[in-house]
Amino acid sequence: EMDGFLSDNRPPVFVVAATNFPLVKEQPGQVALDPALVRRFDRKILVELPSTKDREEYLIRLLADMDCTVSDEMITSIAARSVGLSFAVLKNIVEMAGRLALDAGKPLDDAILDEAFERDRFGEKREGIQDDPETLLRVARHEAGHACISWLCGRKPSYITIVARGDHGGYVQPEQQRKSFYTRKELKGQIRTSLAGRGAEILYYGPEDGITTTASSDLQNASRVAAFLVCRLGMDEKSGLAVFGDGRSMDMVQRKRIEEILSEEMEQVLKLLADNKERLDALAAALMEKNKLKTEEIVEIMEGTNT
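Parameters at a glance
- Residues numbered from 1 in each chain as written.
- Predicted model: local features only at pLDDT ≥ 70, side-chain atom pairs only at ≥ 80, totals over all residues.
- Heavy atoms only, no water.
- Salt bridge = Lys/Arg side-chain N within 4 Å of Asp/Glu carboxyl O.
- Buried < 20%, exposed > 50% of the residue type's maximum accessible area, 1.4 Å probe, protein only.
- Helix = DSSP H or I, 4+ residues; strand = E, 2+ residues; numbered from the N terminus.
- Contact = heavy atoms within 4.5 Å.

Colleague: Describe in detail the pattern of salt bridges, supporting the description with residues and values.
Modeller: Tallying each qualifying case throughout the model produces 19 salt bridges. Residue Lys 106 is joined to Asp 109 by a salt bridge in which the shortest nitrogen-to-oxygen separation is 3.5 Å. We classify Lys 106 as partly exposed; its relative accessible area is 43%. Owing to a relative accessible area of 17%, Asp 109 belongs among the buried residues under this scheme. Of the charged contacts in the structure, one is a salt bridge between Glu 264 and Arg 257, with a shortest N-O distance of 3.2 Å. Relative accessible area serves as the criterion here: at 30%, Glu 264 is assigned to the partly exposed category. Overall, Arg 257 belongs to the buried group, its relative accessible area being 5%.

Colleague: Explain helix α3 (residues 72-81) to me, using residue names and the numbers behind them.
Modeller: Count 3.6 residues to each turn of an α-helix, and residues three or four apart come out pointing the same way. Along α3, 7 of the 10 residues are buried, which leaves the element largely enclosed by surrounding structure. Of the positions making up α3, those classed as buried are Met 74, Ile 75, Ser 77, Ile 78, Ala 79, Ala 80 and Arg 81. Contact partners of the buried residues in α3: α2 (52-64), α5 (110-122), β1 (157-161), β2 (171-174) and β3 (292-294).

Fair warning: the whole summary comes from geometry, so function is off the table for now.
What follows is the structure in structure tokens.
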């Protein structure tokens, strides 16, 4: 459709386009723009994703024209949890919430908007887990471990849930951090937070029954950050400043050092969780009662519980 513009020298034709697709594939299976199409555009302008404040204001505008009783607290919660989402995605979520409210025959409220957000991001609720108290308690303790260590490492969680959706039994959403760089301490905090779910299970169920398949993706995240520390960032005192490889292909020395870092950080996680057992218990109990916790509820528990 864009061929032949130069065959007519009368007033020029300007083509302006916008997209949410990436220009290049960043990971396997991802949809990206055709390079041949991209080359036809002379100038490219990157529009940054909206900040938490931008998302909150946009949600207020969208909901202003709808029959709804959504509270300011829920709007703030959705804005905090929607890190990395564009306005287009938020609009889809609100429209889904409107349809759910219409089906329910009532105004759009906090519960409906929350359900629409979770359903859009992670899929329908998985049945079964919620009816098994023992499994649900393990999930609650696992997620409480992530949240507790995230808090102790300086990154407050903005949301915790143990409602199973898609391929997860629950998750913790840390507060948004708009940073241009990270310190070694912050990256090690990310490793500890990733290991904390398994750490909490070990604390509660012992070194045998506490080792389960629930930590699979957590261990991948922790290993990835540790590999970057050793192979790409020169942040490990024992490995030195030399940088080799891309963090994916590594020699046996590097692999051994990565395993040592993970073991060292897990040891610290177990100590921190044991020292903050009362907070951990309170988070897990609150999750069992409510299934999900927002920022203010998490802050109340973490700041109000004696350790």
